[in-house]
Amino acid sequence: MSDQGFTTTTVHADRQSGAEHGALHAPIHTSVQYGFEKVDDLIGVFQGRIKGGFNYARQGTPTTAAVESLITRMEGGVGSVSFATGMAAITAVFLTLLRAGDHLVASKFVFGNTNSLFGTIQDLGIQVSKVDTTTAEAVEAALTPATRMVFVETLSNPGTRIPDLEGIGRLCRERGLVFVVDNTVTSPWVFKPASVGASLVINSLTKSIAGHGNALGGTVTDTGLFDWSAYPNIFEAYRRGDAKGWGLQQVRKKGLRDMGGSLSSDHAHRILVGAETLELRMVRTAATALALARWLRQHPAIAAVHYPMLEEHPQHDTARRLFRNGSWLLAFELADPARMVPVIDRLRLPVAATGLGDTRSLIIPVAPTIFWEMGAAGRADMGIADGLVRLSVGLEDEADLIADFAQALGG
Ligand SMILES: *Cc1c(COP(=O)(O)O)cnc(C)c1O
């Protein structure tokens, strides 16, 4: 590992891994099958004796492997497995590392589809406790002898809550629990979950990392900090060799190979191109988001603004201590929820759309869309107000966005 900066290392990664013919940008490998001169090499790849070999694209291609090594380097981990989407990555972690009778403690402030997935795994016999993870005490109080895993998001969408990442990291280390951190909204440039003792890091590559709204992908990264030799749910077949690799090996074999939510080489290529400008986009969008958050905060039509780098944010100190900046996710509440739809309709720049981390600003009223399915009681429990609006800040010029909000909100 070099001591060069984040973006220097990223843009020179292709050359260092020796792309064919001296190509400066790694090619897209579309072959599904991989042939061998000697059948013993084919056997070696199947048996894991030959590292880094390919046999069938569902289990990876040179292009998806490049994504995996890039994210591993960005997160300071020991290995990653790539998936077709962020949800495929999260699903693979739950279904391959938890069994019926196990208990998962999760943040109650999570991405809506992850919350829906909790219901699915509960029906399969995995107990799920959803707690307010902004204090480690709440996580500790929920632990049972069957608890195996704790799941949080670094910066929750849409409410921008930040868990007690350091406290939960310490607790998980003391109790031997797998600590899974979804780093999607912050990205490895803003925050490295390994720094607080995370065992596994999830990234939906669709958002910050690909960054252009043109590719889906997800990764699970092992930080190397968890002792898999003591974990009861590792299948006999994967209890071979260095125990550091056991957990991720199981995620790759059971989660990627068997469940089949594989990243395509085409999307992997777009993700690699997008990832080269991750730092530039994270710096730009966070600066715009902070300026916009400050502007919205003083506007009389706005009841509340949720952004971690505002001094009044409840976890502002944690954000300042752990994050390089506040990222592109911003939420605000209109004092009069009845004005929400007309105000969004009057905006000319932010596009009314779901999705996050695009080059264009995307805006959505939360209660009637992404958190509709869970009902009013579920929304109240997650602190989703009827007038809550989510904004994913894009690359537009700050002055243009502020002028647009000024005209849409009126005097
Ligand atoms: C979008 C998102 C996901 C899911 O990612 P997809 O690539 O859309 O499947 C998971 N977690 C968080 C925090 C997200 O924002």
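Look a little higher up for the structure.
Residues numbered from 1 in each chain as written. Predicted model: local features only at pLDDT ≥ 70, side-chain atom pairs only at ≥ 80, totals over all residues. Heavy atoms only, no water.

### Some remarks on the sheet that holds strand E8 (residues 302-306)
Note: strands within a sheet are paired through backbone hydrogen bonds, in either parallel or antiparallel orientation.
Then step 1. Read across the sheet, 5 strands follow the order E8-E9-E12-E11-E10 without closing on themselves; strand pairing throughout is mixed. Strands with a single pairing partner mark the edges of an open sheet, and in this sheet they are E8 and strand E10 (351-352).
Then step 2. As judged from the 5 bridges shared by strand E9 (residues 329-334) and strand E12 (residues 388-392), these two strands associate in the antiparallel manner. Looking across to E12, one finds that Phe332 is bridged to Val389.
Then step 3. Across the sheet, helix H12 (residues 278-297) is in contact with E8, E9 and E12; its angle to E9 comes to roughly 10 degrees. (Pairing = 2+ DSSP bridges. Helix = DSSP H or I, 4+ residues; strand = E, 2+ residues; numbered from the N terminus. Contact = heavy atoms within 4.5 Å. Axes fitted to C-alpha atoms, helices over the stretch in contact; angles between N-to-C directions.)

### Concerning the site of the ligand
Then step 1. Taken together, 14 residues surround the ligand, and among them Gly86, Asp182, Ser204, Thr206 and Lys207 come closest.
Then step 2. A distance of 2.9 Å separates an oxygen atom of the ligand from a polar atom in the backbone of Met87.
Then step 3. With the chains in place, 92% of the 380 Å² that the ligand exposes on its own is no longer accessible.
Then step 4. Top contributing element to the shell around the ligand by residue count: helix H5 (residues 86-97), with 3 residues. (Near = heavy atom within 4 Å. Polar contact = N/O pair within 3.5 Å; in protein donor to acceptor, adjacent residues only side chain to side chain. Areas by Shrake-Rupley, 256 points an atom, 1.4 Å probe, with all protein chains shown as cover.)

### What about the nonpolar core?
Then step 1. Counting residues in hydrophobic clusters, the biggest one holds 74 residues, and the most contacted among them are Val150, Leu165, Phe179, Leu296, Tyr307, Phe323 and Leu330.
Then step 2. When residues of this core are sorted by domain, at least three fall in each of domain 1 (6-30 + 61-275) and domain 2 (279-409).
Then step 3. Not counting the four nearest positions on each side in its chain, Leu165 is found in contact with Val152, Phe179, Val181, Phe191, Val196, Leu322 and Phe323.
Then step 4. If you look at the next biggest cluster of nonpolar residues, it comprises 35 residues, including Ala92, Ala106, Met149 and Leu200. (Core = buried A, V, L, I, M, F, W, Y, C linked by side-chain atoms within 4.5 Å. Buried < 20%, exposed > 50% of the residue type's maximum accessible area, 1.4 Å probe, protein only. Domains from an automatic or database assignment.)

### Some details on the packing of aromatic side chains
Then step 1. In the structure shown here, the tally under the stated rule is 9 aromatic pairs.
Then step 2. Here the aromatic rings of Phe226 and Trp228 are separated by 4.6 Å at their centres, their planes lie at 65 degrees, and the arrangement is edge-to-face.
Then step 3. When the centroid spacing of 6.0 Å and the interplanar angle of 80 degrees are considered together, the rings of Phe332 and Phe405 count as edge-to-face. With Phe332 in strand E9 and Phe405 in helix H16 (residues 398-409), this residue pair connects regions lying 73 residues apart in the sequence.
Then step 4. Taken together, Phe94, Phe118 and Phe151 form an aromatic cluster joined through their ring pairs.
Then step 5. Here Arg161 stacks its cationic end above the ring of Phe109, 3.9 Å away from the centre of that ring.
Then step 6. In this arrangement the basic side chain of Lys254 is found over the ring face of Phe235, its NZ or CZ atom lying 4.1 Å from the centre. (Phe/Tyr/Trp six-rings, centres within 6.5 Å; stacked < 30°, edge-to-face > 60°. Lys NZ or Arg CZ within 6 Å of the ring centre and 35° of its normal.)

### As for the sheet that holds strand E2 (residues 103-107)
Then step 1. The 7 strands are arranged E1-E7-E6-E5-E4-E2-E3 in an open sheet whose pairing can be described as mixed. For this open sheet the edge positions go to strand E1 (79-83) and strand E3 (127-131), each flanked by a neighbour on one side alone. Each adjacent strand pair in this sheet contributes to an overall mean axis angle of 20 degrees, direction not counted.
Then step 2. Pairing between E1 and strand E7 (residues 218-222): 5 bridges, direction antiparallel. Each bridged residue has a counterpart across the sheet, and for Ser82 the counterpart in E7 is Thr219.
Then step 3. Helix-sheet contacts for H5 involve E1, E2, strand E4 (147-153), strand E5 (178-182), strand E6 (200-204) and E7, and the interaxial angle to E6 is about 150 degrees.
Then step 4. Where helix H6 (residues 112-123) meets the sheet, its contacts fall on E2, E3 and E4, and the angle it forms with E3 comes to roughly 150 degrees.

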